[in-house]
Amino acid sequence: MNKPLDPSLFQSAEAFADYLTNTAARIDAKAEARAHDDGARVGISRPHESAQLHVAGEATYIDDIPELAGTLHCALGLSPVANGRLTGVRLDAIRAMPGVVAVLTAADIPGSNDCGSIVHDDPILCSGDIRYLGQPVFAVIAETRDAARRAAARAKDALDIEAQPPVLTPQDAHARGQYVVPPMHLVRSTNEGGAQAAIARAPHRLKAELDVGGQEQFYLEGQISYAIPKEGGAMHVYCSTQHPSEMQHLVAHALHLQANEVHVECRRMGGGFGGKESQSALFACVASVAASKLQRPVKLRLDRDDDFMITGRRHCFWYEYEVGYDDEGRILGAEISMVSRAGHSADLSGPVMTRALCHFDNAYWLPDVAMHGYSGKTNTQSNTAFRGFGGPQGAIAIENILDSVARELGRDPLDVRRVNFYGKGENNVTPYGQLVSDNIIHELVAELETTSSYRTRREEIAAFNAKSPVLKRGIALAPLKFGISFNVKHFNQAGALVHVYTDGSILVNHGGTEMGQGLNTKVAQVVAHELGVSFESVRVTATDTQKVANTSATAASTGADLNGKAAQDAARQIRERLAACAAARHGGEASQVRFANDKVEVNGRTLPFGTVVGEAYLDRVQLWSDGFYATPGLSWDKDKMFGRPFFYFAYGAAVSEVVVDTLTGEWKLLRADILHDAGKSLNPAVDIGQVEGAFIQGMGWLTTEELVWHPKTGLLTTHAPSTYKIPTANDCPPVFNVRLFEGQNFEDSIHRSKAVGEPPLLLPFSVFFAIRDAVSAAGEHKVDPPLRAPATSEAILNAITAVQAGA
Amino acid sequence: MRMTPSTQPIRFFHRGRIVDVSGVHPTRSVLDWLREDVRCTGTKEGCNEGDCGACTVVVGELAEPGEKGAVGGLRLSTVNACIQFLPTLHGKALFTVEDLKAQCGHGHDATRHEKHPVQRLHPVQQAMVDCHGSQCGFCTPGFVMSLWSTYEHHQEGGTQPTRQQLADDLSGNLCRCTGYRPILDAGQRMFDLPGVRLDTAPVVEALASLKHDATFDYAAPLGQRLDHFHAPTTLAELAALREAKPAAQLLAGSTDVGLWVNKQFRDLGDIISVGDVAELKLIEERGSGAAAELYIGAGASLENAFAALVQRAPSLTDVWLRFASPPIRHAGTMGGNVANGSPIGDSPPVLMALDAEIELRRGERVRRMPLPEFYVDYMKNKLEPGEFVQGLAVPLSALGRQLRAYKISKRFDCDISALCAGFAIAIDGEVVKEIRLAFGGMAATVKRAAQAEAALAGKPWTQASVNAAKLALAQDFKPLTDMRASADYRLQVAQNLLQRLWLETRTNDPLPVEATSVWSVMPHAALEAVQGA
C-alpha cells in the first residue's frame, strides 16, 4: 500500500492569513470611522456602489435590459482566412436559414465603413481586403440569437477568398518594414555622440533580445451593443464601452447622422481593461446599421470565441537592446528598438507605442538613451488598449536589462536598481523632458525592503536552494513609476452634472464609465463630501452622451482624477449657492456655513440638509449644476516626443517569492508583498482592490496567459478560457501583504489622491524576475536566464535547460 | 419500455414551485432558459463552455438516506448552466442567485429606506459586500452560488472551510478584477455572520412528488422533426433503448456534448441520458482475494469516482483537484471521460496505471477488456453500435502499488493537460517487480509506454535504469506541438516525470513530495477524503 501521506505535508510553508488579519493589515477602520464621524466622505473604504446589486444578481448589464418587443439578434460571419482578397460572397443559403431576417454586408452601411478611432483604417465589415482570420465580413440578423449564430457559422461556405500567406509576427512585419503608423524615435543625449557613444565608452556592455507576449483582456462580460431605432432616423445604443462619445461619433458616421441624433448609454460594464475603449465600436456600428436598416431593435452580443477571434488585445513586444554600464550597474547609455504586433490596423497602436517609449525609463535616470518604436502591421486582430497601455511593455524592458546587469556583475538586482533610481535634485529629468518632481521611490522601496524582509529572505532562499536538488526558490523586488494623464493633451478634460432634488437626494452624472474599478463610488464620495451628506443620499447614473457631451475615454487611469474634479466643481457650485441662500435666510456669512453629516450649520443653528435645500428651492436657487475640469500644466510635442505629458507620477513596488520545479518548469508564487502609492486614497478598499487585481492580472500576462496563432493559417488557437488561462483563486499567493504608501499627491489632484487603475500592473514584474532568479539558481547563478514572457512552464524549463547547459 | 410520442413536460423545482416546461428543444441550455425564457438574468454567460463559472447554479436532488454530504435531505451540486440541457433538470431543483435573498426575510436598513423594509442579503452575499469581493460584478453571481454551496455543506456538517478548501471550491470561477483575495476573505467571513439556512423541507416534498420510476420521455420539434430526450431509470431500460436507438446521442454530464451544441452547432438528434440510472452511479468494492476490485459505475460523477480512488490512493489527490473544476466534476462522469476517449482526458492515464478494465454492455451482453485495448485510434474505440460503457473496474491489488499521477498544464486549476502521467510501481528489494507508465497528451490516444516499461521491468530501480527508460520513452511517443505545449517539451517532461517518480520512490533516500513538487506548499485539505471522514 501507499503509505498515508504525512499530515505535515498538507501544511504550507507559511500559513494563510485569515480575513480579519487581511482586512486589518490593509485598512485602518478606526481612523476611517473617526474621519467619517467628523464629516469626511473621502478617504473612507466604502463598498462599491453596486456591490449589493452585484451579489444579488440584480445589477443590470446590457444583456439584462428587458428586450423591447420585436428585438432581433445579430451574429457576425467571420473570415476563415488571415490574408487575401474577397472575390465573392454567396449569402442566399444563409438568408434561407430558419429565423434569419437579413444578412448585411459592407454595401449596406449608409455612411462610412470605418470604425477606426484615430487613423481611419478600420473597416466595420470587410469590403475586399481580408486582413485577419476572424475579420467580420457579414452580419446575420435573426429572430433569435441562436438562429443568428448558427447562420453566421456558415461563413466559410459563403466566402470566396484568394488567400495569401499571412504576416503574423512583429519580427516578420519589421523585416518587411510594414507598420500601421510611422516609426517613432525618442532620443535624449547628455553627451556628445549620444547613446551609442555612451555605450561604447562604458566599462561594460550588454546586448540582447527579449520577447514579451500579448494579453487578452478577458472581461467577463463580452462585447455587446443593443441598438434601438428612434424617431426621425435617430439611434439609441446601449453599449458596453469605455468610450460612449467615440461610439456616438462612429455610429453617426456609419449611419450618416449628426452626433446629436445618436444617443449612447452605458450603466456599467462587466469589465473593460482597455478592451472596450475603441473596440466596442465595431459592434455598436453593426447593431446600429442593422437596427436602422430593419427599423427594429437589434442586439449584438458576441459569443466568447467570436470575441477572441474579432477583437484585439495587449500588444506583444519584441525588443533588441544594447546598454553600457559601470561597475555598480549604473546605466550610462542605452539603445533599444521595440517592435509591437499592432495587428491589421492602427487602432491605438501609436499611442500605445508612445506610452511604451515614455515608460522605458520606469524609475530610472537614463542619461543617454535612444529608443525606437515600430508598430508592426500583421494579419492578426488589431491590438488595442489594455490596462497599462504600453507602459508595462516599455518598463519591463529596462527591468530585464537591470536584472541581467546585476547578474553579470554578481550584485543583488535591488542594489543595481537602486543606483539607477531618479535623483531628487539631480538626474531627475525623463528622456522626454519632464521633471520628476514628486519622486518617492527611494523611501517607498526602502520601506518595502524592510517590511518584506527582503535581505533575510534572500539568504534563506540561497540556503534552501543549496540543499534542494529539484526545487529552486527565487525572489525579486520590482519598483514602478507610472505617468498619469493621457499623452494627448486635449483628452485631459471632463464634465459632470449634479442634481439636488427638493428632498435632499442627489443625482450625479459624469463622463466616466464604470467597469468595476469603483469610479462611480469615488465620484459619489467626492460629491457627498462636498455637500456634507451621507453616502446613501448620492446616486450615480448611467454614462449618457445626452447628459455630458464630448467625454474622453475612461482610460489612462484618469477616471477619478478627471471626473472626480468635474463633479466636485459642480457640487461646489451648488454648495456655494446653498450657503448664500442659508446665510441670507438665517444670517451670518455664507463662507462660514458648514455642510457635514447631513446637517448644515449656519449662524449658530443646525438644520437638516433637506431643509436647507427645500428653502433654497422656495427661494428659486438653481439646485443643479454642471462641472468641468481640465488638467493643468500639460504639454506634449508628439513629433519631438518632448514636453510634460503627465500631471504627476504614481509609484509602487512589490517583492515576490516563487518556487520553480527544475524538472517540469512548474512554478508557484509563495508570497507577495506590495507597497503602492495611491496618494491620499479616496477609498482605500477600492484602491487596494485595484492594486491586488492588477497584480494578479499582470502576473497572468507574464506567466500563464499565452496567445498562440497557428504559424501557417494565422488562426488564434487560444480562443477561449479552455485554452487561454487567466489566474484562478489558487494562483493568489497564500501570503499576500498589500499596503498603500502613506503620502499624498504633490499636485492638486482630487483630494490629493493618485490614479490607481494601471500603475499596479507593473507590480507583478516581481513575479517574473523572481522566476528568473529561481531559474538562475538552477545554474548556480552563472548564466543569465534566457526567459521569455509569458513564463509558461515550458518557457521556464527551456530557460532552465539553457542555464544548466551554460553553467 | 415506453416510447410514447406524446411529450411529458420537463418538471422541476424553481424559485419556490414546480415548473412545467415543454416546447423547448432538448438541447436548450439551462442558462438560455433562465436568461431568455424566464428572464432570470442574475445568472451570467461568460464563455458558454463551462470554463468561467459566471453561470454557476446549484442543482438539488433527493439524497439517499444517510448520504454523506447531503444537506437537509438534498444533494446540492454546483454545475455550469451553460452546458446543461434543460431536460436534465427533470425531477430536480434548480437554485440560482435569485433564490438567496428570498431565504433571508426583510429588515430595516437604518441608513436607507427607513420607512420601507428591504430584503436582507444572504450571509454569502453580505460577506462579499463587506469584503469588497465584487468589482465589475459580472462573475459575482457565479461566485456567490459556489460560495453558497460551500456554505450549506459546511453549515450542515458544522464545519468551516480552510482557505485552501475555499480556493479549491472556487477553482471553476474566474474573476478578472479582484485577484481573488477579497473573495476568499468573504468565504471565511460568511460563517461569522448570523446563519441563514435553506429550508429544504418544501424542496424535498416537491422532489418527492416528482419522483418517477419510468423512463422520462421528452420531445420537442426542430423544424419538421421531433427530437427526443430519453432518460431511463434502470440499466435494463438503458440497454434496451441504446440497442433500439444506436444512433441516438448518449449523454452523461454533457460537459463535452454541451460544447458540441454551443460552439459547433452539432445536431444531436435523439438523446439518451444516463443521468437517471441509479445503478450506473454505483461505486463499490466487489469480489474478494485476487479478484477483489473497486467497481465504478460509468455514471458516477468524476467527483465521486476520484474521491473513491483517492480514499484508497492518496497520492492521486492533486490530479483529482486539478481535474477541471467542481461544477464540471459534479456533472461529468468518469465513464464519460473514458468513453469520450480524448487523448488529453485525465482519467485514463490514472486508470491504466491501475490496470483498470472497462466494462461494456450491449443489450444483455456484458464484456470487459483492459482499458488500453479499448482505444483504437484518435477518438476511436471498440464500442459497437448499441453498446455503451457500463463501468470501470480497478483491481484492489493494483491500489497496493506505489502510485503517482502527475498533471502538467499551464495553470494549476481547471486546465487541460499538456501531458498527464499515471505511474504505478512495485519494487521487490532493489528490483522493479511491476511497472505501469501511462501517458495522456503524448499520442493519439492515452496509452502505456510499452518500451519504457520493458526497459524497467525486472531491472534494478536505479538512475541507470531510469535513464534507459527515458531513452525508450522517445521510442514510445512522438507527441504533437499545439497551443498547450511543444512536442519537445512534452517528451522532455515525460522523461523528467520518470525521474521524479524515481526520486520519490527510490529505495535509498527517497525524496518527500515537498522536495519534488511546487504544489506541495498548498495545504490541500484532502485528509478528510483520504481518511474517509
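Source: prediction; values computed, not measured.

Engineer: Any chance you could break down the overall build of chain B for me, citing the residues and the numbers?
Structural biologist: Check the secondary structure of chain B and you find 19 helices and 22 strands. Computed over its C-alpha atoms, the radius of gyration of chain B comes to 24 Å, within 12% of the 24 Å expected for a compact globule of 533 residues. Overall size of chain B, expressed as C-alpha extent along the three principal axes, is 80 × 55 × 45 Å. Of all intrachain contacts in chain B linking residues separated by at least 6 positions in sequence, the fraction that spans at least 24 positions is 67%.

Engineer: Give a description of the overall build of chain A that names residues and reports values.
Structural biologist: Across its full length, chain A holds 22 helices and 29 strands. Computed over the C-alpha atoms, the radius of gyration of chain A is 27 Å, within 12% of the 28 Å expected from 2.2 N^0.38 for a compact globule of 807 residues. With the C-alpha coordinates aligned to their principal axes, the bounding extent of chain A is approximately 80 × 75 × 75 Å. Looking at chain A as a whole, 64% of its 807 residues qualify as buried. Within chain A, residue pairs in contact and separated by at least 24 positions form 80% of the contacts whose partners lie at least 6 positions apart.

Engineer: Break down the domain arrangement of chain B for me, with residues and values.
Structural biologist: All names here are of chain B. For chain B, the domain assignment lists domain 1 (10-98 + 202-273), domain 2 (104-197) and domain 3 (282-530). Measuring from the centre of the C-alpha atoms in domain 1 to the corresponding centre in domain 3 gives 30 Å. Mapped onto the side of domain 1 that touches domain 3, the elements with two or more residues apiece are β4 (74-80) and α8 (235-244). Per element, the largest residue contribution to the side of domain 1 that touches domain 3 is four residues, and it comes from β4. Here the side of domain 1 that touches domain 3 is composed, by residue class, of five nonpolar, 10 polar and four charged.

Engineer: Describe the interface of chain B and chain A, listing the residues and the values that go with them.
Structural biologist: Residue-level contacts link 89 residues of chain B with 87 residues of chain A. Looking at the side of chain B that touches chain A, the elements with two or more residues in it are α2 (98-101), α3 (123-130), α4 (140-157), α5 (163-169), α6 (181-189), β19 (402-408), α18 (487-505) and α19 (527-530) of chain B. Looking at side-chain class alone, the side of chain B that touches chain A contains 44 nonpolar, 28 polar and 17 charged residues.

Engineer: Outline the environment of A:K377, supporting the account with residue identities and numerical values.
Structural biologist: All names here are of chain A. Here K377 is to be found in strand β15 (residues 369-377). Note: C-alpha distance between K377 and A173 (204 residues apart in sequence) is 5.8 Å. Among all residues touching K377, those that are not within four sequence positions of it are A173, Q178, Y179, V180, A342 and H344.

Engineer: How would you sum up the UniProt feature "domain: FAD-binding PCMH-type" (unreviewed entry) in chain B? Please name residues and give values.
Structural biologist: The residues that UniProt annotates with the feature "domain: FAD-binding PCMH-type" (unreviewed entry) are residues 222-399 of chain B. The annotated region residues 222-399 of chain B carries 33% helix and 27% strand content, and the separation between its end C-alpha atoms amounts to 49 Å.

Engineer: Outline the sheet that holds strand β7 (residues 184-188) of chain A, supporting the account with residue identities and numerical values.
Structural biologist: Residues and elements named next belong to chain A. The strand order across the open sheet formed by five strands is β7-β15-β14-β13-β8, and the pairing between neighbours is mixed. Pairing within the sheet leaves two strands with one partner each, and these edge strands are β7 and β8 (204-212). Looking at each pair of strands side by side, their axes are set apart by 10 degrees on average, direction ignored. This element, helix α13 (residues 391-409), spans β8, β13 (317-325) and β14 (331-343) of the sheet and lies at about 135 degrees to β8.

Engineer: Can you lay out the UniProt feature "domain: Aldehyde oxidase/xanthine dehydrogenase a/b hammerhead" (unreviewed entry) in chain A for me, pointing to particular residues and giving the numbers?
Structural biologist: UniProt tags residues 56-165 of chain A as "domain: Aldehyde oxidase/xanthine dehydrogenase a/b hammerhead" (unreviewed entry). With 15% helix and 29% strand, the stretch residues 56-165 of chain A has end C-alpha atoms that lie 50 Å from each other.

Engineer: Account for the pairing of strand β29 (residues 735-740) of chain A, with residues named and values stated.
Structural biologist: Residues and elements named next belong to chain A. Where burial is concerned, the two faces of β29 differ: the one with F736, V738 and L740 is buried and the one with V735, N737 and R739 is not. Where strand β28 (residues 667-676) lies against β29, six bridges are found, and the strand directions are parallel. Paired with A672 across the two strands is F736, which belongs to β29. As a crossover connection, the stretch from β28 through helix α20 (residues 684-702) into β29 is right-handed.

Engineer: Before we move on, could you go through the packing of α13(A) against helix α21 (residues 765-778) of chain A and cite the residues and values that matter?
Structural biologist: All names here are of chain A. As a packed pair, α13 and α21 sit with axes 11 Å apart at the nearest point and diverge in direction by 30 degrees. Between α13 and α21, the angle falls in the class roughly parallel. Between α13 and α21 lies a crossing of right-handed hand. Only F765, F769, R772 and S776 of α21 make contact with α13, whose side of the interface consists of I396, E399, D403 and R407. A breakdown of the residues in the contact of α13 with α21 according to their chemical character gives three nonpolar, one polar and four charged.

Engineer: So what's going on with the sheet that holds strand β14 (residues 357-362) of chain B? Residues and values would help.
Structural biologist: Residues and elements named next belong to chain B. Strand order in the open sheet made by the five strands is β12-β13-β18-β14-β15, with antiparallel pairing throughout. Sheet topology places β12 (283-286) and β15 (365-370) at the edges, where each strand pairs with a single neighbour. Adjacent strand axes in the sheet meet at a mean angle of 25 degrees when their direction is disregarded. Strands in contact with helix α10 (residues 302-312) are β12 and β13 (293-297); relative to β13, the strand with the most contacts, it is inclined by about 165 degrees.

Engineer: Pulling in residues and values, what's your account of the nonpolar core?
Structural biologist: Grouped together as the largest cluster of nonpolar side chains are 435 residues, with contacts concentrated most on A:C74, A:V140, A:V286, A:A287, A:V527 and A:I771. Here this core gets 11 residues from one element, more than from any other, and that element is helix α18 (residues 559-586) of chain A.

Engineer: So what about the pairing of β15(A)? Which residues, and what values?
Structural biologist: Residue and element names in this part refer to chain A. Counting buried residues along β15, eight of its nine residues qualify, which places the element largely inside the surrounding structure. Here β7 runs beside β15; their pairing, made up of five bridges, is antiparallel. Paired with V187 across the two strands is A370, which belongs to β15. In this structure, β14 lies alongside β15, joined through nine bridges in parallel fashion. If you follow G343 over to β15, its bridge partner there is K377. Considered for its hand, the β-α-β crossover made up of β14, helix α12 (residues 349-357) and β15 is right-handed.

Engineer: For helix α17 (residues 463-476) of chain B, give the residues involved together with the corresponding values.
Structural biologist: Residues and elements named next belong to chain B. With 14 residues, α17 extends 19 Å from end C-alpha to end C-alpha; this agrees with the ideal 20 Å at 1.5 Å per step. Among all positions in α17, only S465, V466, A469, K470, A472, L473 and D476 are buried. The elements touched by buried residues of α17 are α16 (450-456) and α18.

Engineer: Please set out the environment of A:K638 residue by residue, giving values where relevant.
Structural biologist: Residue and element names in this part refer to chain A. As for its position among the elements, K638 is in the loop between β25 (635-637) and β26 (642-644). K638 gets classed as partly exposed once you count the C-beta atoms within 10 Å, which come to 15. With 85 residues separating them in the primary sequence, K638 and A553 have C-alpha atoms 20 Å apart.

Engineer: Account for α21(A), with residues named and values stated.
Structural biologist: Residue and element names in this part refer to chain A. In this model, α21 (14 residues) spans 20 Å end to end at C-alpha, consistent with the 20 Å of a helix rising 1.5 Å per residue. Across the 14 residues of α21, 14 count as buried, placing the element largely inside the fold. One or two residues past the end of α21 sits E780, with phi positive at roughly 55 degrees.

Engineer: Give me the confidence of the model for chain B: which residues, what numbers.
Structural biologist: Residues and elements named next belong to chain B. Chain-level statistics for chain B give a pLDDT mean of 94 and a share of 95% at 70 or above. This model gives residues 1-5 a pLDDT under 50, and the stretch forms 10 contacts once residues within four places in sequence are excluded. Within the model, the stretch residues 526-533 combines pLDDT values under 50 with 14 contacts to residues more than four positions away or in other chains. As scored by the predictor, the complex reaches a pTM of 0.97 and an ipTM of 0.97.

Engineer: With reference to specific residues and values, describe unusual backbone geometry.
Structural biologist: All names here are of chain A. With an omega of 0 degrees, the peptide bond running from A789 to P790 counts as cis. Assignment of secondary structure puts P790 in the loop between α21 and α22 (793-806). Although it is not a glycine, S485 sits at a positive phi angle of roughly 140 degrees. Along the chain, S485 turns up in the loop between β16 (471-484) and β17 (493-500). Judged by local crowding, S485 falls into the buried class, with 23 C-beta atoms found within 10 Å.

Engineer: How would you explain the packing of α17(B) against α18(B) if you had to name every residue and give the values?
Structural biologist: Residue and element names in this part refer to chain B. Close contact between α17 and α18 brings their axes to 9 Å; oriented N to C, the two are set at 155 degrees. In terms of their interaxial angle, α17 and α18 are classed as roughly antiparallel. Helix-helix and strand crossings are classified by hand; for α17 and α18 the assignment is right-handed. Residue-level inspection shows Q463, V466, A469, K470, L473 and A474 of α17 in contact with α18, the latter providing L491, A494, Q495, L498, Q499 and W502.

Engineer: Just give me the short version of the environment of B:P510, but keep the residues and values in it.
Structural biologist: Among the secondary structure elements, B:P510 is positioned in the loop between α18 and α19. Beyond its immediate sequence surroundings of up to four residues, B:P510 is in contact with B:E504 and B:T505.

Basis of the calculations
Residues numbered from 1 in each chain as written. Chains lettered and ligands numbered in written order. Predicted model: local features only at pLDDT ≥ 70, side-chain atom pairs only at ≥ 80, totals over all residues. Helix = DSSP H or I, 4+ residues; strand = E, 2+ residues; numbered from the N terminus. Rg over C-alpha atoms; globule rule 2.2 N^0.38 Å. Contact = placed C-beta atoms within 7 Å. Buried ≥ 20, exposed ≤ 12 C-beta atoms within 10 Å, placed from the backbone. Domains from an automatic or database assignment. Nonpolar A, V, L, I, M, F, W, Y, C, P; charged D, E, K, R; others polar. UniProt positions renumbered as here; feature names shortened; annotations may be inferred. Pairing = 2+ DSSP bridges. Axes fitted to C-alpha atoms, helices over the stretch in contact; angles between N-to-C directions. Right-handed = clockwise from strand over helix to strand, strands pointing away. Parallel < 35°, antiparallel > 145°, perpendicular 65-115°, else oblique. Left-handed = near helix turned anticlockwise from the far one by under 90°. Core = buried A, V, L, I, M, F, W, Y, C linked by C-beta atoms within 7 Å. Expected span 1.5 Å × (residues − 1). pLDDT = per-residue confidence, 0-100.

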